[in-house]
Amino acid sequence: MGRPKSDHPTTTAVNAGRRYWLKHTALAGGASALLGSLAPGLSAATSVLNSNEVTTMNTNNSNVKSKGYAAFDNSGELSAWEFERRPVGEHDVLIDIKFASICHSDIHQMKGHWGPQQYPQVPGHEIVGLVAAVGSKVTKFKVGDRAGVGCMVDGCSDCDHGEQYHPDTVFTYGYPQDSSPTGISQGGYATNIVVRDHYAVHIPETIRFQDAAPLLCAGVTTYSPLLKFDLKPGVSVGVAGIGGLGHLAVKLAASKGADVIAFTTSPEKVDDIKGFGAKDVVVVDGEESFSQYAGKLDCMISTIPYGFDVAGYASQVKPFGVFTQVGMPEQSEVTVNALGLAFSRVNFNASLIGDMQETQDVVNYCAEHKVLPQIQIINAEEINQAWAEVVAKTARYRYVIDASTI
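Values in this document were obtained by computation on a predicted structure and should not be read as measured data.

Rules used throughout
- Residues numbered from 1 in each chain as written.
- Predicted model: local features only at pLDDT ≥ 70, side-chain atom pairs only at ≥ 80, totals over all residues.
- Heavy atoms only, no water.
- 1 Å grid on protein atoms, 1.4 Å probe; cavity = no way out; pocket = protein on both sides within 12 Å on 5 of 7 lines; lining within 4 Å.
- Points joined across faces, edges and corners; volume = space filled by probe spheres on them.
- Helix = DSSP H or I, 4+ residues; strand = E, 2+ residues; numbered from the N terminus.
- Nonpolar A, V, L, I, M, F, W, Y, C, P; charged D, E, K, R; others polar.
- Axes fitted to C-alpha atoms, helices over the stretch in contact; angles between N-to-C directions.
- Parallel < 35°, antiparallel > 145°, perpendicular 65-115°, else oblique.
- Contact = heavy atoms within 4.5 Å.
- Core = buried A, V, L, I, M, F, W, Y, C linked by side-chain atoms within 4.5 Å.
- Buried < 20%, exposed > 50% of the residue type's maximum accessible area, 1.4 Å probe, protein only.

### Thoughts on empty space enclosed by the protein
All told, the structure shown has 2 cavities of 30 Å³ or more when counted by the stated rule. When its volume is computed, the largest cavity comes out at roughly 100 Å³. Looking at the largest cavity, it is lined by 13 residues, and the ones nearest its centre are Arg85, Gln177, Ser185, Gln186 and Val194. Contributing elements (two or more residues each) for the lining of the largest cavity: strand E4 (78–85) and strand E10 (192–196). Looking at the lining of the largest cavity residue by residue, the classes come out as 5 nonpolar, 5 polar and 3 charged. Considering only enclosed or pocket space, the second largest cavity measures out at about 50 Å³ in volume. Along its surface, the second largest cavity is lined by Gly150, Cys151, Met152, Leu216, Val220, Ile353, Gly354, Met356 and Thr359. Residues of the lining of the second largest cavity, tallied by class, amount to 6 nonpolar, 3 polar and no charged.

### Notes on the packing of helix H4 (residues 218–228) against helix H9 (residues 356–369)
Between H4 and H9, the least distance of the axes is 9 Å, while the angle of their chain directions is 95 degrees. Relative to H9, the element H4 is oriented roughly perpendicular. Contacts between H4 and H9 involve Gly219, Val220, Tyr223, Ser224, Leu227 and Lys228 on the former and, on the latter, Glu358, Thr359, Asp361, Val362 and Tyr365. Classifying every residue of the contact of H4 with H9 by side-chain character gives 5 nonpolar, 3 polar and 3 charged.

### Overview of the nonpolar core
The biggest cluster of nonpolar side chains holds 97 residues, and the ones touching the most others in it are Ile102 and Ile383. If sequence neighbours within four positions are ignored, Ile102 has contacts with Glu126, Tyr189, Ile378, Ile383, Ala386, Trp387, Val390, Arg398, Tyr399 and Ile401.

The structure is reproduced here in structure tokens:
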């Protein structure tokens, strides 16, 4: 789709960010987890929630038992798995998970689209629940607090340019983690999670857990670049790809008063998208689809999680406007027709989730302004079917797993 490609279209070069991603994701492969040594001992006491009473105990270096749904190979099929998480350290919180939602990134990574993976691996980085234990130096949370976890669980706590760009950041699943009994971080399709306190956010009482979960990735991933657009009444913003991320991008941009023009390849979604607040919806079914708004939009965000030609969509933005890619396709690559992009003279960039302050901000903003995702709650045994529907573009619009069914 978009402007005609050359006979020999070039793909984007593998940039430093992707090299870092591939270097740090689990590269061992195989069907069983690499069992590392147990995490260093915890000498300080932690507070825990037990039968609705707050008590104090010493963990005695104890790992945290957990149950989840894991991938055991790159087939994309998940199965129940019992495993252990690292002990609760002095800066950590243990969260009993109530809901975790499904992101297309979960599917890409478990299938090895972004590089070979170590298995078993539990996906999930849109996680909400109740704090069950806190380390001795934790002041941000107390037992019983409502908390959420997004795409990061450990690393730098004092970053100038966003934690997501720091080389020491441990992402929520599939990243090497010496303190993990499995050798890698394990995600949120599970009954609990241990996370450094800096990488958890507060969930306001004014939003349901199940509505808050998708905000921890889909919400902040779109909110962060939308903030850079300085949206306000009179600003026109395009949103390409209306799935889990895209539908939230439409809602967030519309809530700021912007004129939202949505682009989708699914005509059956048009009425939904208008209901989310879009001023107009373009059904992309060929090059002619890009004629109406060519050079008219102030900015555009693309959430498309598949390979596509950037130039066609970028042509909708005014010269010197901004096109931001947040969807991460298979192999992390999109096609950029240099001639087509040159005719548009658009500033092209990509954005990786958001920092921890932005994550807290989007949760607070959505709770206050009632900007909520459209969700379908499922039981854990329905995860594989839900994944199939996400790939088939029939999800409406974010599946949220009830962790009590794990």
